[in-house]
Amino acid sequence: MQNEKTFVIIKPDGVQRTLIGEIIRRYERMGLKMVALKMLVPTAEMAERHYTLDPEWLRKVGEKSIASYKAKNIPAPSDDPITLGKKVLTRLVKFVTSGPVVAMVWQGAHAVGIVRKMTGGTEPLSSDIGTIRGDFVLDSYQIADVSDRAIRNLVHASGSVAEAENEIKLWFKPEEILNYRLIQDAILYDVNLDGILE
Ligand code: GDP
Ligand code: MG
């Protein structure tokens, strides 16, 4: 379990807001281990592949979007989840390809769940304070929709272990993922804490 891996992208807004160090610091001090890192400008093809790795994603995002319009008493631009999902995807591809991003793999016990918790809910307006999206950005679906752009929420983080596996395979070659021991792994995971006292 301590080898669970998750995939994170600091999106172009995170890089432009000069939050690379802050975001990495948060995951790092939690006890997670960075095992891969690269900076790149994603191509449209990569961005689209990333978001459509799960064939259900378009429908799920469309449904989520319809539900969030309903909750706010705003008429959805379409009742068809796929149509809405495609709209979200087009905006996301434009956003994610607009500048450099930082792609990372983080490893540790419950890495997927812990990183999601620290990253916060998708819409910064309602992300909890204390999370990355809740602390550093003030965007909402409403403002993003008016300008026909993707919501700027700083970070992508895998939503499940299966999603993480597929995303890591898409963004990194196997040899780019490093297998190494940190000294702190002992205090996080070892059964016996012998060797602390002299
Ligand atoms: P995440 O895992 O929290 O990033 O959220 P999802 O995987 O559901 O969605 C991926 C990305 O699609 C989000 O980061 C948003 O940029 C966008 N997105 C998701 N749901 C909605 C929505 O309801 N409306 C809009 N405008 N964008 C959305
Ligand atoms: Mg997601």
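Source: prediction; values computed, not measured.

Rules used in this analysis
- Residues numbered from 1 in each chain as written.
- Chains lettered and ligands numbered in written order.
- Predicted model: local features only at pLDDT ≥ 70, side-chain atom pairs only at ≥ 80, totals over all residues.
- Heavy atoms only, no water.
- Helix = DSSP H or I, 4+ residues; strand = E, 2+ residues; numbered from the N terminus.
- Rg over C-alpha atoms; globule rule 2.2 N^0.38 Å.
- Buried < 20%, exposed > 50% of the residue type's maximum accessible area, 1.4 Å probe, protein only.
- Pairing = 2+ DSSP bridges.
- Axes fitted to C-alpha atoms, helices over the stretch in contact; angles between N-to-C directions.
- Contact = heavy atoms within 4.5 Å.
- Near = heavy atom within 4 Å.
- Polar contact = N/O pair within 3.5 Å; in protein donor to acceptor, adjacent residues only side chain to side chain.
- Areas by Shrake-Rupley, 256 points an atom, 1.4 Å probe, with all protein chains shown as cover.
- Salt bridge = Lys/Arg side-chain N within 4 Å of Asp/Glu carboxyl O.
- Phe/Tyr/Trp six-rings, centres within 6.5 Å; stacked < 30°, edge-to-face > 60°.
- Lys NZ or Arg CZ within 6 Å of the ring centre and 35° of its normal.

Peer 1: Mind showing me how you'd approach the overall build of the protein chain here?
Peer 2: Helix and strand counts for the protein chain stand at ten helices and four strands. Reading the helices (α) and strands (β) of the protein chain from amino to carboxyl end gives β-α-α-β-α-α-α-β-α-α-α-β-α-α. The globule rule puts the C-alpha radius of gyration for 198 residues at 16 Å, and the 18 Å found for the protein chain is close to it. Seen through its C-alpha atoms, the protein chain measures out along the principal axes to roughly 65 × 35 × 30 Å. By residue count, 44% of the 198 residues in the protein chain fall in the buried class.

Peer 1: Can you help me understand the pairing of strand E1 (residues 5-10) in this one?
Peer 2: Burial within E1 is extensive, with five of its six residues counted as buried. Inspection of the sheet shows E1 paired to strand E3 (residues 101-107) by six bridges, in the antiparallel sense. Bridge pairing links Val 8 to Met 104 in E3.

Peer 1: Looking at this structure, how should I read the sheet that holds strand E4 (residues 155-157)?
Peer 2: Strands pair in a sheet through their backbones, by hydrogen bonds, and they do so in one of two ways: parallel or antiparallel. Ordered in space as E2-E3-E1-E4, the four strands form an open sheet in which the pairing is antiparallel. Of all strands in the sheet, those bounded by a partner on one side alone are strand E2 (33-40) and E4. Taken pair by pair, the neighbouring strands of this sheet meet at an average axis angle of 15 degrees, ignoring direction. When E2 meets E3, the two strands line up antiparallel, connected through seven bridges. Residue Met 39 lies in a different strand from E3, and its bridge partner there is Val 102. Taken strand by strand, helix H2 (residues 20-30) contacts E1, E2, E3 and E4, and its axis lies near 5 degrees from that of E3. Against the sheet, helix H6 (residues 111-119) contacts E1, E3 and E4, and its axis sits at roughly 30 degrees relative to E1.

Peer 1: Would you take a moment to explain the site of ligand 1 for this structure?
Peer 2: Close to ligand 1 lie 16 residues; Lys 64, Ser 65, Arg 116, Thr 122 and Asn 153 are nearest. Between ligand 1 and the protein, one listed contact pairs an oxygen atom with a side-chain N or O atom of Lys 11 at 3.1 Å. At a separation of 2.8 Å, an oxygen atom of ligand 1 approaches a polar side-chain atom of Arg 116. Its free accessible area being 540 Å², ligand 1 has 93% of it covered by the protein chains.

Peer 1: Is there a simple way to think about the pattern of salt bridges in this case?
Peer 2: When their charged atoms lie close together, side chains carrying opposite charge are able to pair. Taken as a whole and judged by the stated rule, the model has 14 salt bridges. Across the pair Asp 185 and Lys 33 runs a salt bridge whose closest N-O atoms are separated by 2.8 Å. Residue Asp 185 is located in helix H10 (residues 185-189), and its partner Lys 33 is located in strand E2; the two are separated by 152 residues in the primary sequence. The partner of Glu 123 in a salt bridge is Lys 72, with the nearest N and O atoms 3.2 Å apart. Of this pair, Glu 123 sits in the loop between H6 and helix H7 (132-136) while Lys 72 sits in the loop between helix H4 (57-71) and helix H5 (81-96), and the two are 51 residues apart along the sequence. For Lys 72, a relative accessible area of 33% gives the class partly exposed. One network of salt bridges, with partners in common, ties together Glu 22, Arg 25, Arg 26 and Asp 135.

Peer 1: Would you mind going over the packing of aromatic side chains with me for this structure?
Peer 2: One pair of aromatic rings is described through two measures. These are the centre distance and the angle between the planes. Going through the model one piece at a time under the given rule, you end up with four aromatic pairs. When the centroid spacing of 5.2 Å and the interplanar angle of 40 degrees are considered together, the rings of Tyr 51 and Trp 57 count as tilted. In textbook terms, an aromatic cluster arises when at least three aromatic residues are bridged by ring pairs, as seen for Phe 7, Trp 171 and Phe 172. Cation over ring: Lys 33 sits above Tyr 180, and NZ or CZ is 5.2 Å from the ring centre.

The quantities given are spatial measurements derived from coordinates; they are silent on function.
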